[in-house]
Amino acid sequence: MALLSETEVKQTLEQLPEWKLDDGMLRRDFQFDEYLKGVDFVRQVANQAEAKDHHPYVIIDHTTVTIKWFSFDQGGLTEKDTAMAAYCDELFNLK
């Protein structure tokens, strides 16, 4: 899988406006009204990540869940990262 160019990263951030670059990683903070809703969200992301063999960096801080995507094996962002970020957005919007 090829690394995204700077132009592709910029396009990704336009298409996924809630996501930001954080030390080269795609990052988004998701806010929930209950702790267990955030935990359930992480479980669903984890199931998809396992199915796709692409795993995020996750922080659960009470009702805030931070997800970061980065292709460590490629040393940057790839289409796997953008696809999983879009999946997270879709999942979050279903809540």
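Keep in mind that what you see is a predicted model, and the values were worked out from it rather than measured.

Definitions and limits used
- Residues numbered from 1 in each chain as written.
- Predicted model: local features only at pLDDT ≥ 70, side-chain atom pairs only at ≥ 80, totals over all residues.
- Heavy atoms only, no water.
- Helix = DSSP H or I, 4+ residues; strand = E, 2+ residues; numbered from the N terminus.
- Core = buried A, V, L, I, M, F, W, Y, C linked by side-chain atoms within 4.5 Å.
- Buried < 20%, exposed > 50% of the residue type's maximum accessible area, 1.4 Å probe, protein only.
- Contact = heavy atoms within 4.5 Å.
- Pairing = 2+ DSSP bridges.
- Axes fitted to C-alpha atoms, helices over the stretch in contact; angles between N-to-C directions.
- Phe/Tyr/Trp six-rings, centres within 6.5 Å; stacked < 30°, edge-to-face > 60°.

**Quick notes on unusual backbone geometry**
Phi is positive for Asp-23, close to 55°, though the residue is something other than glycine. Structurally, Asp-23 is set in the loop between strand 1 (20-22) and strand 2 (25-31).

**Some points on the nonpolar core**
Trp-19, Phe-30, Phe-41, Ile-67, Trp-69 and Cys-88 are the most contacted members of the largest nonpolar core, which totals 22 residues. Counting residues per element, this core draws most heavily on helix 3 (residues 79-94), at five residues. What Cys-88 contacts, discounting residues up to four positions off in sequence, is Trp-19, Phe-30, Phe-41, Val-45, Ile-67 and Trp-69.

**Comments concerning the sheet that holds strand 4 (residues 64-69)**
Strand order in this open sheet of four strands is 1-2-4-3, and the pairing throughout is antiparallel. Across the chains shown, the open sheet's two edge strands, defined by having one partner strand only, are strand 1 and strand 3 (57-61). Sheet twist, expressed as the mean angle between neighbouring strand axes with direction ignored, is 30°. Sheet analysis places strand 1 next to strand 2, joined by three bridges and oriented antiparallel. Of the residues in strand 2, the one forming a bridge with Leu-21 is Leu-26. Each of strand 2, strand 3 and strand 4 is contacted by helix 2 (residues 35-52), which is oriented at about 20° to strand 4, the strand it contacts most.

**Concerning the pairing of strand 4**
Burial of strand 4 is extensive: five of the six residues sit out of reach of the surface. Sheet analysis places strand 2 next to strand 4, joined by six bridges and oriented antiparallel. Across the sheet, residue Arg-28 finds its bridge partner in strand 4, namely Ile-67. Across five bridges, the pairing between strand 3 and strand 4 is antiparallel. What sits directly across from Tyr-57, in strand 4, is Lys-68. Where strand 3 hands over to strand 4, the hairpin turn is made up of two residues, of which His-62 adopts a positive phi near 55°.

**So, the packing of aromatic side chains**
Scanning the entire structure with this criterion turns up seven aromatic pairs. Taken together, a centroid distance of 4.8 Å and an interplanar angle of 45° make the contact between Phe-30 and Phe-41 tilted. Here Phe-41 lies in helix 2 and Phe-30 lies in strand 2, a separation of 11 residues in the sequence. When its relative accessible area of 3% is taken as the criterion, Phe-41 is described as buried. Summarising the aromatic geometry, the rings of Phe-32 and Phe-92 are spaced 5.4 Å apart at their centres and angled 85° between planes, so their arrangement reads as edge-to-face. Taken together, the residues Phe-32 in the loop between strand 2 and helix 2 and Phe-92 in helix 3 connect sequence positions 60 residues apart.

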